[in-house]
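So you can see what is in the structure, the chains are spelled out below.
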Amino acid sequence: QVQLVESGGGLVQPGGSLRLSCVASGFTFSNYPMYWYRQAPGKEREFIALISSGGGATNYAEAVKGRFTISRDNAKNTVFLQMNSLKPEDTAVYYCSRRLGAVFWGQGTQVTVSS
């Protein structure tokens, strides 16, 4: 069955960096675009970034453009989210998702940006 497992979250000071990973299994990873979303307390889940199946095309939400970078390693069935210049408003649970065909979500990883 499809599984998505995120890791790499944690507590970081404003201005710091984190790199999230999401390991996929149960489907042909290289055939699917992959997404990162986040959900802050009391807010709806929101789109953060998208990467095409081959990795050649990306798209970002305005709130993270220029600070976050999505990438993937199809040989390792893994999608990454490099987050730089983190702000307190980036605090959220971050999820990776496969959205082509049936939609699947990982369990999420908590990112807290605080001094």
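Each remark here, short or long, concerns the structure printed above.
If you're wondering where the values come from, they're calculated on a predicted model, not measured in any experiment.

A.B. asks: Would you mind going over the state of the cysteines with me for this structure?
C.D. replies: A disulfide bridge is the covalent bond that connects two cysteines by way of their sulfur atoms. Tallied over the entire structure, the rule returns 1 disulfide. Across a sulfur-sulfur distance of 1.9 Å, Cys22 and Cys96 are joined as a disulfide pair. Between Cys22 and Cys96, the S-S torsion sits near 45 degrees, and that sign places the bridge as right-handed. You can see Cys22 sitting in strand β3 (residues 18-25) and its partner Cys96 sitting in strand β9 (residues 92-98), a full 74 residues away along the chain.

A.B. asks: Can you walk me through the pairing of strand β7 (residues 68-73) in this structure?
C.D. replies: For a regular strand, side-chain orientation follows a simple rule: the groups alternate between the two sheet faces. Across the two faces of β7 the burial differs, with Phe68, Ile70 and Arg72 buried and Thr69, Ser71 and Asp73 not buried at all. One ladder, built from 6 bridges, connects β7 with strand β8 (residues 78-83); its direction is antiparallel. Across the sheet, residue Arg72 finds its bridge partner in β8, namely Val79. Counting the residues that bridge the hairpin from β7 to β8 gives 4 residues, and of these Asn77 lies at a positive phi of roughly 50 degrees.

A.B. asks: Even after reading the chapter, I still don't get the packing of aromatic side chains, so can you show me in this structure?
C.D. replies: How two aromatic rings sit relative to each other is given by the distance of their centres and the angle of their planes. Tallied over the entire structure, the rule returns 7 aromatic pairs. Measuring from centroid to centroid gives 6.3 Å for Tyr35 and Tyr37, while their planes differ by 40 degrees, and the two rings are tilted. Note on Tyr37: relative accessible area 13%, which makes it buried. Taking 5.9 Å as the distance between ring centres and 80 degrees as the angle between the ring planes, the aromatic pair formed by Tyr37 and Phe47 counts as edge-to-face. Taken as a pair, Tyr37 in strand β4 (residues 34-39) and Phe47 in strand β5 (residues 46-51) lie far apart in primary sequence, 10 residues in all. One aromatic cluster in this structure is built from Tyr35, Tyr37, Phe47, Tyr95 and Trp105. Lying across the ring of Phe80, Arg19 places its NZ or CZ 3.9 Å from the centre. Over the face of the ring belonging to Tyr35 we find Arg99, whose NZ or CZ atom lies 5.9 Å from the ring centre.

A.B. asks: How should the pattern of salt bridges be read in this particular structure?
C.D. replies: Close approach of charged atoms allows side chains with opposite charge to pair. Applying the stated criterion to the full structure yields 4 salt bridges. Two residues, Arg38 and Asp90, come together in a salt bridge whose shortest N-O distance is 2.9 Å. With Arg38 in strand β4 and Asp90 in the loop between β8 and β9, this residue pair connects regions lying 52 residues apart in the sequence. Take Arg38 and Asp90: they sit in the same class, and that class is buried. Of the charged contacts in the structure, one is a salt bridge between Arg67 and Asp90, with a shortest N-O distance of 2.7 Å. Linking Arg67 in the loop between β6 (58-60) and β7 with Asp90 in the loop between β8 and β9, this pair joins segments that are 23 residues apart in sequence. One exposure class covers both Arg67 and Asp90, and it is buried.

Cut-offs and rules
Residues numbered from 1 in each chain as written. Predicted model: local features only at pLDDT ≥ 70, side-chain atom pairs only at ≥ 80, totals over all residues. Heavy atoms only, no water. Disulfide = S-S within 2.5 Å. Helix = DSSP H or I, 4+ residues; strand = E, 2+ residues; numbered from the N terminus. Buried < 20%, exposed > 50% of the residue type's maximum accessible area, 1.4 Å probe, protein only. Pairing = 2+ DSSP bridges. Phe/Tyr/Trp six-rings, centres within 6.5 Å; stacked < 30°, edge-to-face > 60°. Lys NZ or Arg CZ within 6 Å of the ring centre and 35° of its normal. Salt bridge = Lys/Arg side-chain N within 4 Å of Asp/Glu carboxyl O.

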